[in-house]
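The residues making up each chain are set out below.
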Amino acid sequence: MYDFSAGSESVRVGLPPASLFRLPPHRAPDALPPPQLAEPTWYQPFNISASVYGKALDWRVPIAIASVYATTVVLLNRVNARRGFKPYAFSKTKAFKFFVIVHNVFLAIYSTWTFVGMLRAFRASWPRQDEPHGLTAVVDTMCRFNGPHGYGNAAMYNPETLQWTNANPALLAEGAAPSDESGRMWNEGLAYLGWLFYLSKFYEVLDTAIILAKGKKSSTLQTYHHAGAMMCMWSGIRYMASPIWIFTQVNSGIHALMYTYYTLSALNFRVPTSIKRSLTTMQILQFVFGSMLAASYLFVYYTIPFPRELQSLSGAAHIASSAVETGVATASAGKLFSGLKQIALRAVGSTVTKTVNAQQPLGAGALNAVAEALPVDVDYRMFTCLDTTGQAFGVWLNVMYLLPLTYLFVQFFIRSYLYRKDPGTHLPTPIHAAEKAGMDAIKGVSREMHKTVSDMGDQRNGRA
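Residues numbered from 1 in each chain as written. Predicted model: local features only at pLDDT ≥ 70, side-chain atom pairs only at ≥ 80, totals over all residues. Heavy atoms only, no water.

**Here's the deal with the overall build of the chain**
Next, step 1: Scanning the chain from N- to C-terminus turns up 15 helices and six strands.
Next, step 2: Within the chain, the proportion of its 464 residues that are buried is 44%.
Next, step 3: Within the chain, residue pairs in contact and separated by at least 24 positions form 79% of the contacts whose partners lie at least 6 positions apart.
Next, step 4: Element-wise, carbon and sulfur atoms account for 63% of the exposed surface of the chain, whose accessible area totals about 24,400 Å². (Helix = DSSP H or I, 4+ residues; strand = E, 2+ residues; numbered from the N terminus. Buried < 20%, exposed > 50% of the residue type's maximum accessible area, 1.4 Å probe, protein only. Contact = heavy atoms within 4.5 Å. Areas by Shrake-Rupley, 256 points an atom, 1.4 Å probe, with all protein chains shown as cover.)

Below you can see the structure in the form of structure tokens.
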């Protein structure tokens, strides 16, 4: 096990514990729906009810839709083959062409909105510039997406007690789910944007419908890509697996570019081959680095600080109130356990908490005063990056999906851009090679016969 230590804080890389592997994974906990906002925002224009949120994540939904989709594609490929891959009459109408353009424009705009929204969520949950805990704080931010902002404040799910816990006992009631806490990626946007991105995978099958309507064959790559994406996004959001941010963030960015290209093609703009090749390259790199980064979550361990003793909460309340009256400063508080401030503030009630949180960050003097009034003996405990078997299942499913997908995309890249010199040149197949060899042989025999006849004629003329 490799250790990246900084005093009592430590980040380690080692083999994942056997307890994370269970098939089927444990169902608990249920995915937490996004917080209900009082007013719409650009990144959450409407609220999603907890009932609808949960029902859409029922395991039967993606399996049923993916199965029907794959079966339908296989059958329609056979129908199109019997028709000689001729386009259907309706695919040549203006209405159909208009639908294709609107479809691509919608997905381009939607993907851009998701990408920008995820950037905002990422920024809101990232450690502050004056964060004293360095790498450990970054790992804590990327591993645990629920709970308040700050190293050591994350909500964790205990698979043994089937309850939510927190290293800082003042931040979470025993067993309560952190459904309204802000500051980490789940409630800052991933729960909302990721769920919608999961649903968008069902809508994206219209890409295949457009291909089939034009009388073409839907490739194995196309079918596998869409069916697998449904399952992977479902597993990541359903089990709140931390690496699902990679799929949502990166894939939405690639799709924004890809559907913009499709829109230009539908409008009959000539797109250079170099751009098409670059898009395919970006997709392949997305799969390679995405699968590696997602898999890394299984091997990461890091320490989380736990307070052993809490003393003089009433004194902490008095000091916290004084800190609010004193005001705020921008000086760094030094390397101080970030949970001290929240413990003291919770001790004096929600009103003071909101007042101080609105004036982040507190100055070093105020924090030191809180620390002196509330002595805490900190115990650093090592935890895995993932809490549940469901999270580990989501990681493995995504990695297993991406490996064959990467292979299929590499095959497509080689066939489309390396072996093909121009759009009209097709990659030779074994049948084409055999036909060519046969034609060459016939031509060779014909030349030999012509030469023999010619020689015989010359010989007769010589005798005469």
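**Describing the UniProt feature "transmembrane region" (unreviewed entry) in the chain**
Next, step 1: Residues given the UniProt feature "transmembrane region" (unreviewed entry) here are residues 59-77, 98-122, 284-304 and 393-414.
Next, step 2: Between the end C-alpha atoms of residues 59-77 the distance is 28 Å, and the span holds 95% helix and 0% strand.
Next, step 3: Overall, residues 284-304 shows 62% helix and 24% strand. The separation of its end C-alpha atoms is 36 Å. (UniProt positions renumbered as here; feature names shortened; annotations may be inferred.)

**Some details on the pattern of salt bridges**
Next, step 1: Counting across every chain of the model gives seven salt bridges.
Next, step 2: The salt bridge involving Asp-379 is made with Arg-381; its shortest N-O contact spans 3.3 Å.
Next, step 3: In this structure Arg-381 comes out as partly exposed when scored by relative accessible area, which is 38%. (Salt bridge = Lys/Arg side-chain N within 4 Å of Asp/Glu carboxyl O.)

**Quick look at the environment of Met-142**
Next, step 1: Here Met-142 shows up in helix H4 (residues 134-143).
Next, step 2: Met-142 gets classed as buried once you look at its relative accessible area, which sits at 12%.
Next, step 3: Sequence separation between Met-142 and Ser-242 is 100 residues; the distance between their C-alpha atoms is 7.0 Å.
Next, step 4: Ignoring sequence-local partners within four residues, the contact set of Met-142 consists of Phe-122, Trp-126, Ser-242, Trp-245 and Tyr-297.

**Comments concerning the nonpolar core**
Nonpolar side chains in soluble globular proteins tend to end up buried together.
Next, step 1: Membership of the largest hydrophobic core comes to 74 residues, with the highest contact counts inside it found for Tyr-53, Trp-186 and Trp-245.
Next, step 2: Looking at this core element by element, the count peaks at 11 residues for helix H5 (residues 185-203).
Next, step 3: Other than its neighbours up to four places away in sequence, Tyr-53 contacts Ala-31, Leu-32, Pro-33, Pro-34, Ile-48, Trp-186, Ala-191, Trp-195 and Ile-237. (Core = buried A, V, L, I, M, F, W, Y, C linked by side-chain atoms within 4.5 Å.)

**Some points on the packing of aromatic side chains**
Next, step 1: Enumeration over the complete set of coordinates arrives at 23 aromatic pairs.
Next, step 2: Aromatic side chains Tyr-53 and Trp-195 sit 5.3 Å apart centroid to centroid with 20° between the ring planes, which places their arrangement in the stacked category. Linking Tyr-53 in helix H1 (residues 50-56) with Trp-195 in helix H5, this pair joins segments that are 142 residues apart in sequence. Across this residue pair, the class does not change: Tyr-53 and Trp-195 are buried.
Next, step 3: Through successive ring pairs, a cluster of aromatic residues spans Phe-106, Tyr-110, Trp-113, Phe-197 and Tyr-203.
Next, step 4: The side chain of Arg-83 reaches across the aromatic face of Tyr-88, ending 4.0 Å from its centre.
Next, step 5: One Lys or Arg, Arg-120, reaches over the ring of Tyr-43 and ends 3.8 Å from the middle of that ring. (Phe/Tyr/Trp six-rings, centres within 6.5 Å; stacked < 30°, edge-to-face > 60°. Lys NZ or Arg CZ within 6 Å of the ring centre and 35° of its normal.)

**As for a nonpolar patch on the surface**
Next, step 1: A cluster of nonpolar side chains, contributed by Phe-21, Trp-396 and Met-400, occupies part of the molecular surface with about 320 Å² of accessible area.
Next, step 2: Positionally, Trp-396 belongs in helix H14 (residues 389-418).
Next, step 3: You can call Trp-396 partly exposed: its relative accessible area is 35%. (Patch = residues over 30% accessible without salt bridge, like charges linked within 9 Å, V, L, I, M, F, W, Y side chains within 5 Å.)

**Structural notes on helix H9 (residues 273-296)**
Next, step 1: Helix length check: H9 (24 residues) gives 35 Å between terminal C-alpha atoms against 34 Å at 1.5 Å per residue, within 8%.
Next, step 2: Where H9 is buried, its residues meet helix H8 (244-266) and H14. (Expected span 1.5 Å × (residues − 1).)

**Concerning the state of the cysteines**
Next, step 1: According to the stated counting rule, one finds one disulfide in the structure shown.
Next, step 2: Disulfide partner of Cys-143: Cys-385, at an S-S distance of 1.9 Å. Disulfide Cys-143-Cys-385: the torsion about the S-S bond is -110°, which places it as left-handed. Highlighted residues: Cys-143 in helix H4 and Cys-385 in the loop between strand S6 (378-384) and H14, separated in sequence by 242 residues. (Disulfide = S-S within 2.5 Å.)

**Here we look at the packing of H8 against H9**
Next, step 1: Viewed as axis vectors pointing N to C, H8 and H9 meet at an angle of 175°, and their least axial separation amounts to 11 Å. Our classification of the angle between H8 and H9 gives roughly antiparallel. Between H8, through Trp-245, Ile-246, Val-250, Asn-251, Ile-254, Leu-257, Met-258 and Tyr-261, and H9, the contact on the second element is made entirely by Lys-276, Leu-279, Met-282, Gln-283, Gln-286, Gly-290, Leu-293 and Ala-294.
Next, step 2: Of the residues that constitute the contact of H8 with H9, the class distribution is 11 nonpolar, four polar and one charged. (Axes fitted to C-alpha atoms, helices over the stretch in contact; angles between N-to-C directions. Parallel < 35°, antiparallel > 145°, perpendicular 65-115°, else oblique. Nonpolar A, V, L, I, M, F, W, Y, C, P; charged D, E, K, R; others polar.)

**What to know about the pairing of strand S4 (residues 163-166)**
Next, step 1: Here S4 shows one buried face, formed by Trp-164 and Asn-166, and one open face, formed by Gln-163 and Thr-165.
Next, step 2: Examined bridge by bridge, strand S3 (residues 155-158) and S4 share four bridges and lie antiparallel to one another. Bridging from a neighbouring strand, Ala-155 pairs with Asn-166 of S4.
Next, step 3: Between S3 and S4, which follow one another and run antiparallel, lie four residues, and Leu-162 among them has a positive phi close to 60°. (Pairing = 2+ DSSP bridges.)

**Details of H5**
Next, step 1: Taking 1.5 Å of rise per residue, 19 residues should cover 27 Å, and H5 covers 25 Å from first to last C-alpha, within 8% of that figure.
Next, step 2: Maximum bend of H5: about 30°, positioned at Ala-191. (Bend = angle between axes of the 7 residues up to and from the residue.)

**As for the confidence of the model for the chain**
Next, step 1: Scored by pLDDT, the chain comes out at a mean of 81, with 73% of its residues at no less than 70.
Next, step 2: Low pLDDT, under 50, characterises residues 343-374; the predicted model gives this stretch 64 contacts beyond four residues in sequence or across chains. (pLDDT = per-residue confidence, 0-100.)

**So, unusual backbone geometry**
Next, step 1: Residue Leu-23 is joined to Pro-24 through a cis peptide bond whose omega torsion reads 0°.
Next, step 2: Its place among the elements puts Pro-24 in the loop between strand S2 (9-13) and H1.
Next, step 3: Here the residue pair Ala-28 and Pro-29 is connected by a cis peptide bond, since its omega of 0° sits within 30 degrees of zero.
Next, step 4: The phi angle at Phe-85 is positive, at roughly 55°, despite the residue not being glycine.
Next, step 5: With respect to the helices, strands and loops of the structure, Phe-85 is situated in the loop between helix H2 (60-82) and helix H3 (94-125).
Next, step 6: By relative accessible area, which is 40% here, Phe-85 ends up partly exposed.
Next, step 7: The phi angle at Leu-162 is positive, at roughly 60°, despite the residue not being glycine.
Next, step 8: Judged by its relative accessible area of 43%, Leu-162 falls in the partly exposed class.

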